[in-house]
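Single-letter residue listing:
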Amino acid sequence: MNNYERMAELLFPNINKTNQDLEKIYPIRKNNPTVTRFAPSPTGFLHIGGVYTALINRSLASGENDVFMLRLEDTDKKREVAGSRKIICDIFNKLGLKIDEGVVNEFDEVGEYGPYVQSERVEIYHIMAKYLVQKGYAYPCFCTEEDLAQIREQQQALKVTPGYYGSYAKYRNITVEEAQSLIEQNKNYVLRFRVSEDAPLRVTLSDLIRGDIEMENNFNDFVLLKENGIPTYHFAHACDDHFMRTTHVIRGEEWMASFPIHKQLFEALDFALPLYAHVAPVMKQEGESRRKLSKRKDPEANAEFYLQEGYPNKALFVYLYTLINSNFEEWYLANKDASLNDFKISFDNMQLSGALYDLSKLNSISSEIIYEYDEEENTTNVINWAQEFNQELYNRLNNDRDFVLKLMKTQGKNSMEHRKDLTHYGAFMDIFGIFYDDVFASSQMPLDTLYENIKKEDLKTIIDGFKNYFNSLKSGEEITLKDLAKELGYTDKKKFAKNPEMYRGVVFQFYKALRLLLTHSEHGISMDDVISVLGHDRIMERLEKGYQYGE
Ligand code: GLU
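Residues numbered from 1 in each chain as written. Predicted model: local features only at pLDDT ≥ 70, side-chain atom pairs only at ≥ 80, totals over all residues. Heavy atoms only, no water.

Caption draft 1: Focus on the site of the ligand. Taken together, Arg37, Ala39, Ser41, Glu73, Tyr233, Arg251 and Trp255 are the residues near the ligand. Between the ligand and Tyr233 there is a distance of 2.4 Å, counted from an oxygen atom to a side-chain nitrogen or oxygen. (Near = heavy atom within 4 Å. Polar contact = N/O pair within 3.5 Å; in protein donor to acceptor, adjacent residues only side chain to side chain.)

Caption draft 2: Geometry of the nonpolar core. Counting residues in hydrophobic clusters, the biggest one holds 172 residues, and the most contacted among them are Phe92, Met128, Phe235, Tyr357, Phe435 and Phe466. At nine residues, helix H11 (residues 313–324) tops the list of elements feeding residues into this core. Non-local contacts of Phe92, meaning those with residues more than four positions away in its chain, are made with Phe38, Leu46, Ala54, Phe68, Leu70, Leu97 and Ile99. (Core = buried A, V, L, I, M, F, W, Y, C linked by side-chain atoms within 4.5 Å. Buried < 20%, exposed > 50% of the residue type's maximum accessible area, 1.4 Å probe, protein only. Helix = DSSP H or I, 4+ residues; strand = E, 2+ residues; numbered from the N terminus. Contact = heavy atoms within 4.5 Å.)

Caption draft 3: Helix H5 (residues 122–134), seen in detail. With 13 residues, H5 extends 18 Å between its outermost C-alpha atoms, agreeing within 8% with the 18 Å of an ideal straight helix rising 1.5 Å per residue. Counting buried positions along H5 gives ten out of 13 residues, so the element sits mostly inside the fold. All of the buried residues in H5 are Ile124, Tyr125, His126, Ile127, Met128, Ala129, Lys130, Tyr131, Leu132 and Val133. Among the residues trailing H5, Gly136 stands out with phi positive, at a value near 85°. (Expected span 1.5 Å × (residues − 1).)

Caption draft 4: Quick peek at the packing of helix H1 (residues 3–11) against H5. Where H1 contacts H5, the axes come no closer than 7 Å and their chain directions differ by 150°. What the angle tells us is that H1 and H5 run roughly antiparallel. Contact with H1, carried on its side by Tyr4, Glu5, Met7, Ala8, Glu9 and Leu11, involves Lys130, Val133 and Gln134 of H5 and no other residues of that element. (Axes fitted to C-alpha atoms, helices over the stretch in contact; angles between N-to-C directions. Parallel < 35°, antiparallel > 145°, perpendicular 65-115°, else oblique.)

Caption draft 5: Structural view of the pattern of salt bridges. Evaluation of the coordinates by the stated rule reveals 40 salt bridges. With a closest N to O distance of 3.2 Å, Glu376 and Arg401 form a salt bridge. Residue Glu376 is found in helix H14 (residues 375–389), and its partner Arg401 is found in helix H16 (residues 401–408); the two are separated by 25 residues along the sequence. Taking relative accessible area as the criterion, Arg401 reaches 29% and is therefore assigned partly exposed. The network of salt bridges with common partners includes Arg37, Arg71, Glu73, Arg121, Asp240 and Asp241. (Salt bridge = Lys/Arg side-chain N within 4 Å of Asp/Glu carboxyl O.)

The values reported here are purely geometric and, on their own, carry no functional implication.
Pasting the structure below:
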């Protein structure tokens, strides 16, 4: 046994499996599949940028044998938030982002390459850590915080690059005997990577999105295992993505700078390097500048927001795809009826700088998608959504499904005006609330607008006229609103401009008055729809209330 092997035995006396055993337990996958993964940390929150990255991973692994995994990276116990696994899996399930392998809900995982939760993979990391020590690529470092601070001070004084490297790496050449003695004294240690003395100065990352990027090599003896034996991200990434047989590592841009470390690790571990793609974060325009979409400031940064607000999943995906690939929109317009899964994403069409996130664009895509659904589907969707997120609304809608259907009929392809008012199901009451009696009763008439269109003293006459009109409609007479307007003294713009003293006003004012009396609003669905949705009795009630504004 050489000294490295003796050190490995000292540090990992209970590890008997070898890297060769792991190669057998996690064999190379058959049929050359594309294997991707999304690897969130359980911090209680899934950023929409995460969904964006997951979607890239998911759609890249869209072939028959391909695999998309969800792996939980819970090595940083300080940042962990209880319940995160459920939050993340629920979002995936509700969005319909299929997980082929990995954690699929709070309790279960599927797949032969697990466990898919890093804290359950400690044995694997220790097997490979032992391997690195045996090969001379790793050593224990007993530095305390104070030792490290001292090294930093020394480096500052000498004006050399700070870090744990070369002659500053205090324990780089520790002997087995020294290590043994310190362990016997119960001293804590981390396991560090021993960077080769003849490591090249520069390395090249062949990034699938960015092309070849040359960067300075790593020269720090970075940490592999923390004092508690838990791996750092770097070491876990290498072990997991190798033994899970990941082919494409698609991850946030913030990891790009760590590539030299990863390359050194993969080489030392005798692992083939996967392909890498580093995705730029989604950005938000704020005044003149752009910043990252922020968990703290922007509600839309949270993936749950889209479920809570009732965006159809398809709308979110269409929007994210437009951000992911510049050629998507063209494809989508030409293939409206195709499944989104048929779109082939490509790295060439990905943005190098962060995609600009814009909710108004999502709203416009979403309203188009809601427009495409018929009233039955939209009615079911809004009721299902309310059942989950707004119990009070659910009771309201579910009590009178036919009324919801009537309201939804004012939208979409089957509607008279082809309206697209609804951008997400959560906006249902903003658009249609006024048609419910209690909402109408507690809403305010915009009096200024009313009096701009109808003189106060005319109101009674006008309301009487409207009432007659609706009563006569009910009894089958065929008068029109236009006739009524004329009869009551309204005319077109031209005539009114010539002889204003001869008329009460212009016909559009007469229409506007009716809308205001029935909906307390100047805008909204067509008047024909307002009338048909409300029906005779409700119209009468609302007109009745209008008299008060003429007093
Ligand atoms: N847990 C890492 C993160 O959340 C994953 C990065 C990766 O995909 O490798 O940023």
